[in-house]
Amino acid sequence: MVAPFNRLNVDICCLGNHEVDKGMKRAKELIDKTNCPWIISNLLEKSDGRPIASLEPYHILENQGFKIGFCGFADAAWTD
């Protein structure tokens, strides 16, 4: 599914619960093959306080001279 996803030219993605259906390791392997940045703002590693899977907490895109900031939040229910 990575090749079709990359052809969509997605600008940015937020990690969701279904990306981790096969485990965080597999999710990271697939994320690393995509051609867009992935973010998650509120799921943090206990060891260093950074977002899980080495994702970024936010991303800024520039479009037609405007800077647009994105942050992504996971619902606490899917961390249980």
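See the structure shown above.
My aim in this report is to walk through the structure given alongside it, one point at a time. Numbers given for residues are sequential positions, taken from 1 along each chain in its written order. Local features in a predicted model are, by the rule used here, given only for residues with pLDDT of at least 70; side-chain atom pairs are given and counted only at 80 or more, and totals for whole chains, interfaces and linings are based on all residues. Each side-chain value is derived from all of the structure's non-hydrogen atoms; neither hydrogens nor water enter the calculation.

1. With respect to the overall build of the protein chain
Then, number 1: Within the protein chain one finds two helices and four strands.
Then, number 2: Numbering of helices and strands runs from the N terminus; a helix is a DSSP stretch of H or I covering at least four residues, while a strand is a stretch of E covering at least two. Counting from the amino terminus, the protein chain carries its helices and strands in the arrangement α-β-α-β-β-β.
Then, number 3: On the principal axes, the C-alpha backbone points of the protein chain span a range of 40 × 25 × 20 Å.
Then, number 4: Here the protein chain holds 80 residues, and 28% of them are scored as buried.
Then, number 5: Whether two residues are in contact is decided by their heavy atoms, any of which lying within 4.5 Å being enough. Pairs at least 24 apart in sequence give 53% of the contacts found in the protein chain among residues at least 6 apart.
Then, number 6: Computed by Shrake-Rupley with a 1.4 Å probe, the accessible areas treat only the displayed protein chains as cover when residues are assessed. In the form shown here, the protein chain has an accessible surface area of approximately 5,900 Å², with 53% of it arising from carbon and sulfur atoms.
Then, number 7: A positive count includes Lys and Arg, and a negative count includes Asp and Glu. His and the chain ends are not counted in either. Charge positions are represented by NZ for Lys, CZ for Arg, CG for Asp and CD for Glu. On the protein chain, the mean spot of the 9 positive side-chain charges and the mean spot of the 11 negative ones are 7 Å from each other. Only protein chains enter the calculation, and the probe is 1.4 Å; a residue is then buried if its accessible area is under 20% of its type maximum, exposed if over 50%, and partly exposed in between.

2. Topic: the environment of Thr34
Then, number 1: Note on placement: Thr34 falls in the loop between helix H2 (24–31) and strand S2 (38–39).
Then, number 2: Judged by its relative accessible area of 16%, Thr34 is buried.
Then, number 3: In sequence terms Thr34 and Pro4 are 30 residues apart; their C-alpha atoms lie 10.0 Å from each other.
Then, number 4: What Thr34 contacts, discounting residues up to four positions off in sequence, is Val2, Phe5 and Asn6.
Then, number 5: Between N or O atoms, a polar contact is any pair within 3.5 Å; within protein, one atom must be a potential hydrogen donor and the other a potential acceptor, and residues adjacent in sequence are included only when both atoms are from side chains. Side-chain polar atoms of Thr34 contact the side chain of Trp38, separated by 2.9 Å.

3. What to know about the pairing of strand S4 (residues 66–71)
Then, number 1: Among the six residues in S4, zero count as buried, and that is only a small part of the element.
Then, number 2: Should DSSP find at least two bridges between two strands, the strands are taken to pair. The pairing of strand S3 (residues 58–63) with S4 spans six bridges and is classified as antiparallel. Paired with Leu61 across the bridge in S4 is Ile68.
Then, number 3: In this structure, the hairpin formed by S3 and S4 is closed by a connection of two residues, where Gln64 is found at a positive phi of approximately 50°.

4. Quick notes on the nonpolar core
Then, number 1: As used here, the term nonpolar core means buried Ala, Val, Leu, Ile, Met, Phe, Trp, Tyr and Cys residues forming a set that is joined through side-chain atoms within 4.5 Å. Judged by nonpolar contacts, the single largest core of 13 residues is most densely connected at Leu15, Ile31, Trp38, Ile40, Leu43, Ile52 and Leu55.
Then, number 2: Every residue in contact with Ile52, bar those within four places of it in the chain, is listed here: Leu15, Met24, Ile40, Leu43, Leu44 and Glu45.

5. Some points on the state of the cysteines
Then, number 1: Here, the term disulfide refers to a pair of cysteine sulfur atoms separated by no more than 2.5 Å. In the structure shown here, the tally under the stated rule is zero disulfides.
Then, number 2: Cysteine Cys13 remains unbridged, with the sulfur of Cys36 as its closest cysteine sulfur at 3.8 Å.
Then, number 3: Classification of Cys13 as buried rests on a relative accessible area of 12%.
Then, number 4: With no disulfide of its own, Cys14 lies 8.5 Å from the sulfur of Cys13, the closest cysteine sulfur.
Then, number 5: The exposure class assigned to Cys14 is partly exposed, which follows from its relative accessible area of 34%.

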